[in-house]
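Here are the chains, one letter per residue:
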Amino acid sequence: MQGKGIIWQVPAIILAVVLLMISVPASPAHAKFNDTDTGAMAVTAARIPAPAANTVTVTKSCDSFLWFAQAKISVGNFSAVAYANYHELKIIDPDGVVQFTGDLSKSSGKSYSSGVQSVSNLSGTWTYQIRGYYKVPNSTNAWAGQPLTGTLNCP
């Protein structure tokens, strides 16, 4: 007789537990943590300045003869810019098109010549920019500094 009593008691206990769990409102657990600590790595940011005008020697000319002309811009000396590991010369024609980008660490990157062209093709204000960059080693990333800008006016 005792075996029959257990048969109905097990489902009744399970039903009582389910009803108890349903009737008790569930509330999420709350926790609050406060802590401060300092990092082991110090990080700073650097701003790459423009080259100082008094440290750069630029020779520029717009030579013309009759209907032909030639624009020339060359960088003789320049001082390295703080935080930069690469220096560049960029020449922009009067139409705003970049005509030349040179690496100032190479002799071929220090001068630009438009070649002999008609005067009308060279007429206007040419712009040159000398700028320092920090090129991240083993990466294609680079930070550009402020440019030292100058102009050459061709009639």
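A short tour of the structure in this document, coming up. (Residues numbered from 1 in each chain as written. Predicted model: local features only at pLDDT ≥ 70, side-chain atom pairs only at ≥ 80, totals over all residues. Heavy atoms only, no water.)

1. Quick look at the packing of aromatic side chains
How two aromatic rings sit relative to each other is set out by the distance from centre to centre and by the angle between their planes.
In step 1: Counted under the stated rule, the structure contains 4 aromatic pairs.
In step 2: Measuring from centroid to centroid gives 6.0 Å for Y112 and W126, while their planes differ by 35°, and the two rings are tilted. Of this pair, Y112 sits in strand β5 (residues 111-113) while W126 is found in strand β7 (residues 124-135), placing the two residues 14 residues apart along the sequence.
In step 3: Residue Y112 is classed as buried on the basis of its relative accessible area of 10%.
In step 4: Within the aromatic cluster, the residues linked to one another by ring pairs are F100, Y112 and W126.
In step 5: Taking the ring centre of Y86 as reference, the NZ or CZ of K135 above it sits at 3.8 Å. (Phe/Tyr/Trp six-rings, centres within 6.5 Å; stacked < 30°, edge-to-face > 60°. Helix = DSSP H or I, 4+ residues; strand = E, 2+ residues; numbered from the N terminus. Buried < 20%, exposed > 50% of the residue type's maximum accessible area, 1.4 Å probe, protein only. Lys NZ or Arg CZ within 6 Å of the ring centre and 35° of its normal.)

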